[in-house]
Amino acid sequence: MCGIAGWVDFARPVDRDIAHAMTATMERRGPDAGGLWTDTHVALGHRRLSVIDLEGGCQPMAAGTAAGTRAVLTYSGETYNFQELRTQLSSLGHTFTTRSDTEVVLRAFQQWGAGCATRLRGIYAFAAWDADREELLLVRDRMGVKPLYYAETDSGVLFGSEPKAILAHPGFRPVLDTDGLRDILSVAKVPGHAMFRGMREVPPGCTVRVSRAGAKEERYWQLTIAEHPDPLDRTISTVRDLLGAVVEEQMVSDVPLCTLLSGGLDSSSLTALAAQASRAQGRGRIRSCSVSDPDLDGSAGSAANEDHIYARLLAEHVDSDHSELPLKAPDLLAPELRDSVLRAYDLPLAKGDEHASLHMLFGIVRRHSTVALSGECGDEVFGGYRWQRDPDAVFSTTFPWVHEGRHNYRGNDILFSPDLMAKLDLDTYERDCHSSAVAEIDAGRHLDDAAEARYRETTYLALTRHAQVLFDRKDRMSMACGLEVRVPFADHRLVEYTFNVPWAMKSFDGREKSLLRAAMKDLLPTAISQRVKTPYPSIRAAAYNQGLRERLSDVLLDASGPLAPLVSSDVRSALRRDGTTALEEGMSRAALETTLQLDAWLRTYKAEVVL
């Protein structure tokens, strides 16, 4: 997948040492090699995780003529249709010296400019410099699987795969303002927002053109409402054909590949299709990985605690080369692990245990595989969450997952000062975010059935807001370990097709993920194809929450700490009087985790708070 960084300054020469420091922050994303290309007003940096054409895919990659360099690319991700694009570009007169998808993207940029984005199929984020036009193009994949951040300066732009690349430039000040704190304390991710004042994330499906006139965002892809002409049987067969083609396409790799197998319908479907494709290609058994007997969910006999049983069943069914990876809950509070998670993410988190467990899991997977297929986005695409089917959540006036799970985030009003909470006005912010999101799709104008329009809005929110959090989590935790994770369910062709399937057809059997269940039933054991969805396992052990309360108590009582001006005086008094029991009543784990992470983030990144 790699990591990219760079800097354009039209007013003065770029400093190569600073550009090198920005690029070095991406080393965990690209442990195999690094490169830096500079000209007077531009620097493009790259850290490489070698996956395709190990010898020939080094970056940044330049193309030109005898007169000099004309275009340079620094690229992260995978373009799955690079071979067919290579054939097309060859017919247009382009010559290739490597087998890499990087060179195909570079030539595509030369041929079609910003229009190249519409021809790529994959997960990617890249920056391309046009020397003739003196223009930088930033591009992010349609679904936003791969990250890309940028910050305008008075004479150019800074960019990187993660905020830390921009923060490494001495000219950028890390400032947390009111809008940034709203994003941290709310549960609504807004495309484009990046927490730090003056920094933005390139929105999914968008490009950013940077010239002497400034930076301009442009959208090249968006989900749109259209008729779905196919009957149920054809819809099911199309889903199967699309998903099979996507999985086969995403198995292209010159390094060891595996599947992440939880034993649920999504990961089992991918593993079964991957095993089928691997045999057809003569590549032997597919490798699969699962967590062995996790104590992430401490309730004996719970569904999450039984995941490994279903993973074993599927592995035996498809004859995969299966590994069970040990993962122990007590390790998740280790300070060095939590620090590593924070530095990988660059932002405070509400679900510290989930991120920490993924970080540990990916570190173990990376010992034997460089690429993994994962089931993210299957629920968003096929309607797997309860809040996608519960009318109370669907027809609420906010994000349905917020309506259903608001109790999981209670406690901010206790921890933070009343004046601060009044200024943030998170309820209004949440409503505004929801209204803006549904206005993008304007379903009521396109669909006469009001109920169907709202179900379509709910799917849109799931794909453009909810899935972004999962993509971020998977990207940061995997790339921090040098592991590339691919997400077949996020293929834009599958997303586009299923998006416009009427809700009655998506739930034709009265269950979650009806279409996927029907499309995959002949490849899966009945126990798995009929299995009820279970959530991602999280720690239930009381000791974990107590550990969070003890640490947070120390933080809240620290009068010189960065959180001191933000903390409620009432909770501080209650802590002095009652100890950690003051953090029990009305306090969710998410509030504990977020506040602890906010404190660690402010200390680690030395962010200035300006509210």
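Throughout, residues of each chain are indexed from 1 in the direction in which the sequence is written. Confidence filtering applies because this is a predicted model: local features only for residues at pLDDT of at least 70, side-chain atom pairs given and counted only at 80 or more, and all residues used for totals across whole chains, interfaces and linings. Only hydrogens and water are removed before side-chain values are computed, so all heavy atoms of the structure are retained for them.

### What to know about the confidence of the model for the protein chain
So, point 1. Residue-level pLDDT values for the protein chain average 92, and 95% of them are 70 or greater.
So, point 2. The pLDDT value expresses, per residue, how confident the predictor is, ranging between 0 and 100. The contact rule is simple, with two residues in contact once any of their heavy atoms fall within 4.5 Å. With pLDDT under 50 throughout, residues 298-304 is counted as low confidence; its partners more than four residues away or in other chains account for ten contacts.

### Notes on the layout of surface pockets
So, point 1. Cavities and pockets are found on a 1 Å grid laid over the protein atoms alone: a cavity is a set of points where a 1.4 Å probe fits but cannot escape, a pocket is an open set with protein on both sides within 12 Å along at least five of seven lines, and a lining residue has an atom within 4 Å of such a point. Grid points are joined across faces, edges and corners, and a volume is the space filled by probe spheres set on the points. Its volume calculated, the second largest pocket comes out at about 410 Å³.
So, point 2. What lines the second largest pocket is a set of 15 residues, and nearest its centre among them are Arg-406, Tyr-409, Asn-412, Leu-426 and Asp-427.
So, point 3. Looking at the lining of the second largest pocket, the elements that each hand over two or more residues are helix H14 (412-415) and helix H16 (426-441).
So, point 4. Counting residues per element, the lining of the second largest pocket draws most heavily on H16, which supplies three residues.
So, point 5. Tallied by class, residues from the lining of the second largest pocket come to seven nonpolar, three polar and five charged. Secondary structure elements follow DSSP: runs of H or I no shorter than four residues count as helices, runs of E no shorter than two count as strands, and numbering proceeds from the N terminus. Each residue is assigned to one class: nonpolar for Ala, Val, Leu, Ile, Met, Phe, Trp, Tyr, Cys and Pro, charged for Asp, Glu, Lys and Arg, and polar for all the others, Gly among them.

### Some words on the side chain of Ser-396
So, point 1. Here Ser-396 shows up in the loop between helix H12 (391-394) and helix H13 (400-405).
So, point 2. For Ser-396, the residues in contact, after removing those within four places along its chain, are His-403 and Arg-454.

### Looking at helix H2 (residues 82-91)
So, point 1. Burial status follows relative accessibility: with a 1.4 Å probe on protein chains alone, a residue under 20% of its type maximum counts as buried, one over 50% as exposed, and anything between as partly exposed. Along H2, the residues classified as buried are Phe-82, Leu-85 and Leu-89. Each buried residue of H2 lies within a common arc of 60° when the element is viewed along its axis, so the set occupies one face. In H2, those exposed residues whose orientation departs by more than 90 degrees from the buried face are Thr-87 and Ser-91.
So, point 2. Of the residues flanking the end of H2, it is Gly-93, one or two places downstream, whose phi is positive at about 105°. This arc is built from the directions going out from the helix axis to the C-beta atoms.

### Considerations on the nonpolar core
So, point 1. Here, nonpolar core means buried Ala, Val, Leu, Ile, Met, Phe, Trp, Tyr and Cys residues that are tied together by side-chain atoms lying within 4.5 Å of each other. The biggest cluster of nonpolar side chains holds 86 residues, and the ones touching the most others in it are Phe-126, Met-143, Cys-377, Phe-382, Leu-463, Phe-471 and Phe-489.
So, point 2. Of the residues forming this core, the biggest block, seven residues, is contributed by helix H7 (residues 265-280).
So, point 3. Non-local contacts of Leu-463, meaning those with residues more than four positions away in its chain, are made with Met-143, Leu-223, Cys-377, Glu-380, Val-381, Gln-468, Val-495 and Phe-499.
So, point 4. Of all hydrophobic cores here, the second largest spans 78 residues; its members include Tyr-149, Phe-172, Leu-361 and Val-485.

### Comments concerning the packing of aromatic side chains
So, point 1. Geometry of aromatic contacts follows a simple scheme: Phe, Tyr and Trp rings, the Trp one being its six-membered ring, pair when their centres are within 6.5 Å, and the pair is stacked under 30 degrees between planes, edge-to-face over 60, tilted otherwise. With the rule as written, the count across this model stands at twelve aromatic pairs.
So, point 2. Between Phe-10 and Trp-129 the ring centres are 6.4 Å apart and the planes differ by 35°, which places this aromatic pair in the tilted class. Of this pair, Phe-10 sits in the loop between strand S1 (3-9) and helix H1 (16-24) while Trp-129 sits in strand S6 (residues 122-130), and the two are 119 residues apart along the sequence. Accessibility classification places Phe-10 together with Trp-129 in one group, the buried group.
So, point 3. Here the aromatic cluster, defined as three or more aromatic residues joined through ring pairs, consists of Tyr-385, Trp-387, Phe-399 and Trp-401.
So, point 4. Sitting above the plane of the Phe-499 ring, Arg-456 keeps its charged end 6.0 Å from the centroid.
So, point 5. One Lys or Arg, Arg-476, reaches over the ring of Tyr-345 and ends 5.5 Å from the middle of that ring. As a reminder, the over-ring test applies to NZ of lysine and CZ of arginine, requiring each to be within 6 Å of the ring centre and within 35 degrees of the ring normal.

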